[in-house]
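Chain residues, written in single-letter form:
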Amino acid sequence: MHTTDRDTSVIRLAPSILSADFARLGEEVCAVEAAGADLVHFDVMDNHYVPNLTIGPLVCEAIRPLVSIPIDVHLMVEPVDALIPMFARAGAGIISFHPEASRHVDRTIGLIHDHGCKAGLVLNPATPLGWLDHTLDKLDLVLLMSVNPGFGGQAFIPGVLDKLRQVRARIDRQVAAGGRPVWLEIDGGVKADNIADIARAGADTFVAGSAVFGAPDADGGYWDILRRLRQAATIT
């Protein structure tokens, strides 16, 4: 098993509003924050880079005053640069993008930072880790997709666990050399029964959509599923 000196007690849970009840979206984000969520994960799809169409900056702007936790914006759009200032103005705290959707990845990272947000790079299950060779020292977050992006409710792809271990090792080497710390986020098929394995592989930030909003007691009971996810993810 991979070992590291990182603080394994740091667990961040980011419910994805893609699985929320959009007729009650304001209530939903307030409920997950009250239940202990650390971030609100905000999936932006353009029906071009991915085969689905979701939400834009106006929705982000609408929920920003309702929560005090950061809004974690995942841009599944191409091209990506034009939307970054719009989401920054709408209240995003973190903006992540896919390298395939950018003409100049380094410039896109800089654009996110220039607008006062943390910058993340998103790697799909088949996207090589080589994208991190010249970007990891500039990033605040690496997001590994454990499903192919586009739709919620998909099953976790087990092969991503090894990819997680490799990225964790890269981040640990960077920090050991005096470099910047980087969050390692996972998105896709995260459930209470697999989050422990995902945490052991090195993730510290966990996106959960249907696992949270589809919970049997979800009518005001998000605290229970978030407690169970956090408990299962805590490495002892």
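Below you will find a few notes about this structure. Computed from a predicted structure; not experimentally measured.

Some details on unusual backbone geometry
Part 1 of the argument: Residue Pro79 follows Glu78 across a cis peptide bond; omega there is 0 degrees.
Part 2 of the argument: Structurally, Pro79 is set in the loop between strand E3 (71-76) and helix H3 (83-90).
Part 3 of the argument: The phi angle at Asn47 is positive, at roughly 60 degrees, despite the residue not being glycine.
Part 4 of the argument: Within the fold, Asn47 resides in the loop between strand E2 (40-45) and helix H2 (57-63).
Part 5 of the argument: Of the residues examined, Asn47 reaches a relative accessible area of 51% and is grouped as exposed.

Side note on the pairing of strand E7 (residues 183-187)
Part 1 of the argument: Where burial is concerned, most of E7 is hidden: 4 out of the 5 residues are buried.
Part 2 of the argument: Alignment of strand E6 (residues 141-145) against E7, held across 5 bridges, turns out to be parallel. Residue Leu141 lies in a different strand from E7, and its bridge partner there is Trp183.
Part 3 of the argument: In the classification by handedness, the crossover that spans E6, the intervening helix H5 (residues 160-176) and the parallel E7 is right-handed.

Regarding the packing of aromatic side chains
Part 1 of the argument: For the coordinates displayed, the defined rule picks out 2 aromatic pairs.
Part 2 of the argument: Taking the centre distance of 5.9 Å and the plane angle of 70 degrees together, the rings of Phe42 and Phe87 count as edge-to-face. Taken together, the residues Phe42 in strand E2 and Phe87 in helix H3 connect sequence positions 45 residues apart.
Part 3 of the argument: A relative accessible area of 0% places Phe87 in the buried class.
Part 4 of the argument: Residues Phe213 and Tyr222 carry aromatic rings whose centres are separated by 5.3 Å and whose planes lie at 75 degrees to one another, so their mutual orientation is edge-to-face. Comparing Phe213 with Tyr222, the two get one shared label, buried.
Part 5 of the argument: Against the face of Trp183 rests Arg12, its NZ or CZ located 3.7 Å from the ring centre.

Brief notes about the pairing of strand E5 (residues 118-123)
Part 1 of the argument: Where burial is concerned, most of E5 is hidden: 5 out of the 6 residues are buried.
Part 2 of the argument: Across 4 bridges, strand E4 (residues 94-97) lies against E5 in parallel orientation. The residue bridging Ser96 from the neighbouring strand is Gly120, located in E5.

What to know about helix H1 (residues 25-34)
Part 1 of the argument: Of all the positions in H1, only Leu25, Glu28, Val29, Val32 and Glu33 are classed as buried. Buried residues of H1 fall within an arc of 130 degrees about the axis and therefore sit on the same side. Of the exposed residues in H1, those oriented more than 90 degrees away from the buried face are Glu27 and Ala34.
Part 2 of the argument: Where the residues of H1 are buried, they touch strand E1 (12-15), E2, H2, helix H7 (210-213) and helix H8 (222-233).
Part 3 of the argument: Positive phi appears at Gly36, one or two residues downstream of H1, with a value of about 110 degrees.

Looking at the sheet that holds E4
Part 1 of the argument: Read from one edge of the open sheet, 8 strands run E1-E8-E7-E6-E5-E4-E3-E2, paired in parallel fashion. Since the sheet does not close on itself, it has two edges, and those belong to E1 and E2, each with one partner. Direction aside, neighbouring strands of the sheet carry axes that sit 25 degrees apart on average.

So, how was this worked out
Think of each chain on its own: its residues are numbered from 1, step by step along the sequence as written. Thresholds applied to this predicted model are a pLDDT of at least 70 for local features of residues and 80 or more for the giving and counting of side-chain atom pairs; totals over whole chains, interfaces and linings are not thresholded and use all residues. By convention in this description, side-chain values take in all heavy atoms of the structure and omit both hydrogens and water. Secondary structure counts use DSSP, requiring at least four H or I residues in a row for a helix and at least two E residues in a row for a strand, with both numbered from the N terminus. For the exposure calls, accessible area comes from a 1.4 Å probe over protein chains only, and a residue counts as buried if that area is under 20% of its type's maximum, exposed if over 50%, partly exposed in between. Pairs of strands are assigned from DSSP output, requiring at least two bridges between the strands. With the strands pointing away from the viewer, any crossover whose connection runs clockwise from the first strand over the helix to the second is right-handed. Here the aromatic set is Phe, Tyr and Trp, taking the six-membered ring for Trp, and pairing holds for ring centres within 6.5 Å; pairs whose planes are under 30 degrees apart are stacked, those over 60 apart are edge-to-face, and all others are tilted. For a lysine, the NZ atom is tested; for an arginine, the CZ atom; a charge sits over a ring if that atom is within 6 Å of the ring centre and within 35 degrees of the ring normal. The arc refers to the directions leading from the helix axis to the C-beta atoms. Should any heavy atoms of two residues lie within 4.5 Å, those residues are counted as being in contact. Whenever a helix is involved, its axis is fitted only over the stretch in contact; in every case the axis is a line through C-alpha atoms, and angles between N-to-C directions fall within 0 to 180 degrees.

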